[in-house]
2 protein chains.
Amino acid sequence: MAQYKAPLRDMRFVLGELFDYSDINQMPGCEDFTPDVVDAVLEEAAKVCEEILYPINRSGDEEGCHWDDGVVTTPKGFKEAYDAFAQGGWTGIACDPVYGGQGAPKSINALVEEMICSTNLSFGMYPGLSFGAYAALHSHASDALKDKFLPKMVEGTWAGTMCLTEPHCGTDLGIIKTKADPLADGSYSITGTKIFISAGEHDLTENIIHLVLAKLPDAPKGTKGISLFLVPKFMVGDDGSMGKRNAVKCGSIEHKMGIKASSTCVMNFDGAIGYLVGEPHQGMPAMFTMMNQERLSVGIQGLGLGEAAYQGAAAYARDRLQGRALTGAKSPEKPADSLLVHPDIRRMLLTARATNEGCRAMGMWVARALDTAKHHTDPVKREEAEEFVQLMTPIVKALFTDWGFDNTNLGVQVFGGHGYIREWGMEQYVRDARIAQIYEGTNGIQALDLVGRKMPAKAGRNLRRFFHPVQAYIEANVSKDGLGEFVQPLAKAFMRLQQATGELAQRGMKNPDEAGAAATEFLRLFGLVAVGFMWARMAEIALAKKDDDPDGFYKTKLITAKFYMERVLPQSGALFSAIMAGSKTIMELDEDLF
Amino acid sequence: MAQYKAPLRDMRFVLGELFDYSDINQMPGCEDFTPDVVDAVLEEAAKVCEEILYPINRSGDEEGCHWDDGVVTTPKGFKEAYDAFAQGGWTGIACDPVYGGQGAPKSINALVEEMICSTNLSFGMYPGLSFGAYAALHSHASDALKDKFLPKMVEGTWAGTMCLTEPHCGTDLGIIKTKADPLADGSYSITGTKIFISAGEHDLTENIIHLVLAKLPDAPKGTKGISLFLVPKFMVGDDGSMGKRNAVKCGSIEHKMGIKASSTCVMNFDGAIGYLVGEPHQGMPAMFTMMNQERLSVGIQGLGLGEAAYQGAAAYARDRLQGRALTGAKSPEKPADSLLVHPDIRRMLLTARATNEGCRAMGMWVARALDTAKHHTDPVKREEAEEFVQLMTPIVKALFTDWGFDNTNLGVQVFGGHGYIREWGMEQYVRDARIAQIYEGTNGIQALDLVGRKMPAKAGRNLRRFFHPVQAYIEANVSKDGLGEFVQPLAKAFMRLQQATGELAQRGMKNPDEAGAAATEFLRLFGLVAVGFMWARMAEIALAKKDDDPDGFYKTKLITAKFYMERVLPQSGALFSAIMAGSKTIMELDEDLF
């Protein structure tokens, strides 16, 4: 079976060479995460992931979760792993120190998340969902609720969930049916059915804190009438003691394509006691404040699995002897050459590598902006960073998960027939990766969010946070010796992106279907250029350092950058054509002719 | 769950409108398959597939095959379905009437195969492998062997397998270890281990006839030293009676990503009695003579699953109400509009439709050539058709299975979260489709076959069988009113293909890695153009018939053709760039830096 080693060298590169981590470290609230501490955190995270999470990834997939009359049992070893994970402080790594967390900036936590997703995405779902619930409470709940619930969630003794989807609606939450009736004591009685609730029920923690979207009796129609409630599995006394079981029960768990060790639950709320979080009817904005972090995290799931698949495939290609090089035997003393002599095998590996490393860099770019938006002392810097995050979030979520899925498939393909066999573990990556393109807003919805909301917002100011620095970089570097060959293809793709953006803005105002028809390809074009910019900058650094390169790290960066420019970025042309094709043909076919 | 209806209208269109089936019907050996008979065959095949194979597709996936001490049991219902299938004559539909078959031309059988793959690929593997073994025996075995084994295989009482792969080699069969020692009576003792043997053991038939690649004691090294043997599971007496069990046993079955109801076996030959098929050391050429048929069939697996996924997704998109059209509510009386109001949902469906229908047309083009190569009275026509088949086979195999996989994934994406849940059946299509990109020669190997063997063969004469008719068609139609808008994009992509072909031929002669590095993208470019040609011709017919179009069939064809030209074919530009990038960057990275 494939082995995984956390790509610490490349993580340190994006953290401290491609970007300047000291910027983040100097912001208030981030001072404790000095470079030394960060190094120790990354080393320790790698150890936990490689030694505790990775060994139960395959077995967890084979066994899956068990449901018995509302009780959900996770696969063998998950409870022990979770205990070790929580005791190590990993459930609270990114949480507020006021509630017992460690306050790690997203720049650091994003790297830890990648390692978790590479080694055991199913496992990662449990603390991941808890963190989502924590973040929503932290931003919107009253101090009383926060004091009562957050410390246990941060230490991992209690878990959390996000209960949004219902059987008849996922993307369109405006039509949810779950209702919340006010009770005399100020709490609410919650009734309704939620589906696809990740970590909705399990045996890892003593209590589970559900965050539930529901409608008050006087709720306006649509998404403006949705409120957010905290519904604990077990009631909690004012002294923090565990009380009786609340009227919320797991009706069943789903049998899924992948992430089988993550429980995906139907949750039945049958007059369960809940507490309003934030203001009435403000549930959707409350969800949205944490969505950018969440969507970056889902993007990182794609990257994590893409990285794991790459590592497995590269090792297999090195070790597997079969066939001969097209140019003549490379290892004539052996019965066959390694798979790495074949250009097509290298093409697959380099494609995965170029997109993985490009996403890691781009993820850091966005994570830094999240940190800046939260921690910077200058409100102008905060606002600019927030605008950048708004713009880039849907791109990160969709691009990383699409490429992540593609890269897990490349991993299988390098393995040939063995890739299709479960015991090798490569096909699990494909099945696990597939969900990330769907949940937390399908990738089609991300594309609509980009063209319909993020681009037009603030008269295009979000866009300028991307276009200005990229344009400036291109102008400053396109003619430089050596670097020019990387920047010229970027300039070409960037021009296409600028033109497509202008065209789409105009057309979309007249007819929203024009934006909708081009959205997916436009998002991809945007992502290609953004990652292209990362690769140009990585090439710049590698060029500067290539003479002191004992392990070949910078040489590899340069070759991979060239590969990206030659064989990935040119997709911008085809995307541009598709964007320009407009909506007429797409909208022309009658519904009953599909 | 999704329902499947055989796309008989479109099948009749490619058979009798896009092409002229009477050409095939007039060839000797095909006369019995008159248009009336063909219609009845297709109707009946649709019934068998929809009513017998489809209902056990999901349950077969859930249950999988069982192995117990060498005995393999197929999932519930498979044996009964197989009996009905064999009794209906479907195991012998494409077999020689001399041995009890019905002699259907490939033009017809390809359509039947598509329906089988749409409804139950796992099931289809059993008769599919038998047919492969039948075809190899029919072409290469002695009359004595044929008389003894073929009739039972044709009637489906006995099954067959192809035993090629070994643990250490799949693609590179030159290094197989299985050996064949001559015995005094002229038979051979076969010893070795074969893996990934589809239908290697099962409970559907009384006997299983293995075709096994092995090396004789005096065998030359490499692929020139491989011989083909017939090894029955049970010995067969001269009177056709079943004798004692032969020394071949199923050591285990694989646990796979998909096609779980198809047994994939490790087969241990432990001094099993075998009979030489054809001449000593001629096993590989014997395999290759049937490979073109097989590879077309595997391509059709991709198409079949892509079609099934499209149908499921289109039905779901029509029925599922969620969200509102970007241009304002389309069904204001309902709580939400159907998914079909969203351009991005239509983009996904039209992508699947354009590629599925394009592949169906292209598959027919190649199937007709297979029939012509086999049955035509004019040896020149036969040779030309054979050249065309040689050229197009790797393209069909790789393009259809890549697109088939993509289309099953589009189907899942249209379903959103529900697509990831097993009970809906959409994710099974993804898992089942994945193998077709790997087996019968990985798609990377198909690409190498195209650029390394098929293109240079006969000084490029194979190529002319494609380039000449397409060029002539473009010249005759590019300026025509109405049709021109379809032919112009084709002409542009065709020019790129011509240029890439010339460039690759030159560069590849100097350095084979140049061909290898471009092979996958070149194959895709070739396939895009070939399907583009099909769409131009389909548009031509639809334009001519659009005024008499009660069910909107031709209108749909025209819109789908436009979609292909606007949004699929432009990928040719990006592919062209990747092809031109050359092999330098790909080959530059040291093996230990991957």
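First things first, this report covers the structure right here in the doc. (Residues numbered from 1 in each chain as written. Chains lettered and ligands numbered in written order. Predicted model: local features only at pLDDT ≥ 70, side-chain atom pairs only at ≥ 80, totals over all residues. Heavy atoms only, no water.)

Things to note about the overall build of chain A
Link 1 in the chain: Of the regular secondary structure elements, chain A holds 18 helices and 11 strands.
Link 2 in the chain: Since a compact globule built from 594 residues should have a radius of gyration of about 25 Å, the 24 Å found for chain A is in line with a globular shape.
Link 3 in the chain: In terms of overall dimensions, chain A has a C-alpha envelope of 80 × 60 × 60 Å along the principal axes.
Link 4 in the chain: The buried share among the 594 residues of chain A stands at 65%.
Link 5 in the chain: When contacts within chain A are restricted to residue pairs at least 6 apart in sequence, those whose partners lie at least 24 apart make up 74%.
Link 6 in the chain: When the accessible surface of chain A is totalled, it reaches about 20,300 Å², and 53% of it is carbon and sulfur.
Link 7 in the chain: Of note, chain A has its 61 positive side-chain charges centred 4 Å away from the centre of its 75 negative side-chain charges. (Helix = DSSP H or I, 4+ residues; strand = E, 2+ residues; numbered from the N terminus. Rg over C-alpha atoms; globule rule 2.2 N^0.38 Å. Buried < 20%, exposed > 50% of the residue type's maximum accessible area, 1.4 Å probe, protein only. Contact = heavy atoms within 4.5 Å. Areas by Shrake-Rupley, 256 points an atom, 1.4 Å probe, with all protein chains shown as cover. Lys, Arg positive; Asp, Glu negative; His and termini not counted. Charge placed at Lys NZ, Arg CZ, Asp CG, Glu CD.)

Structural notes on the pairing of strand β11 (residues 264-277) of chain B
Residues and elements named next belong to chain B.
Link 1 in the chain: The pairing of strand β5 (residues 188-198) with β11 spans nine bridges and is classified as antiparallel. By the bridge assignment, lysine 194 is partnered in β11 with methionine 267.
Link 2 in the chain: Pairing analysis gives three bridges linking strand β7 (residues 227-232) to β11, with the strands arranged antiparallel. Each bridged residue has a counterpart across the sheet, and for phenylalanine 229 the counterpart in β11 is leucine 276. (Pairing = 2+ DSSP bridges.)

Looking at the relation of the copies chain B and chain A
Link 1 in the chain: Rotating chain B by 180° and moving it 0.0 Å along the rotation axis overlays it on chain A with an RMSD of 0.0 Å. The superposition of one copy onto the other is thereby described by a two-fold rotation axis. When C-alpha positions in chain B are compared against the rotation axis, the closest is assigned to alanine 574 of chain B, at 3.0 Å.
Link 2 in the chain: Most of the interface of chain B is mirrored in chain A: 100% of its interface residues are interface residues there too. (Least-squares fit on C-alpha atoms with pLDDT ≥ 70 in both.)

Some words on the interface of chain B and chain A
Link 1 in the chain: Counting residues at the interface gives 93 residues for chain B, matched by 93 residues for chain A.
Link 2 in the chain: Here chain B meets chain A over a buried area of about 8,200 Å², counting both sides, of which 58% is carbon and sulfur.
Link 3 in the chain: When the area that chain B buries against chain A is broken down by residue, the three leading residues are Tyr420, Arg567 and Phe594 of chain B, summing to 11%.
Link 4 in the chain: On inspection of chain B and its partner chain A, the count reaches 47 residue pairs in polar contact (both at pLDDT 80 or more).
Link 5 in the chain: Residues of the side of chain B that touches chain A, tallied by class, amount to 39 nonpolar, 27 polar and 27 charged. (Buried area = accessible area lost by both parts, 1.4 Å probe. Polar contact = N/O pair within 3.5 Å; in protein donor to acceptor, adjacent residues only side chain to side chain. Nonpolar A, V, L, I, M, F, W, Y, C, P; charged D, E, K, R; others polar.)

Quick notes on the pattern of salt bridges
Link 1 in the chain: Applying the stated criterion across every chain yields a total of 80 salt bridges over all chains.
Link 2 in the chain: Of the charged contacts, one joins glutamate 588 of chain A and lysine 562 of chain B as a salt bridge, the two residues approaching to 3.5 Å between their closest N and O atoms. Remark: lysine 562 of chain B occurs in helix α16 (residues 553-568) and glutamate 588 of chain A occurs in helix α18 (residues 584-588); the pair is interchain, linking two chains.
Link 3 in the chain: The class of glutamate 588 of chain A is partly exposed, set by a relative accessible area of 29%.
Link 4 in the chain: The exposure class of lysine 562 of chain B is buried, given its relative accessible area of 16%.
Link 5 in the chain: Through salt bridges that share partners, Asp10, Glu114, Glu307, Arg353, Glu357, Arg360 and Lys557 of chain A make up one connected network. (Salt bridge = Lys/Arg side-chain N within 4 Å of Asp/Glu carboxyl O.)

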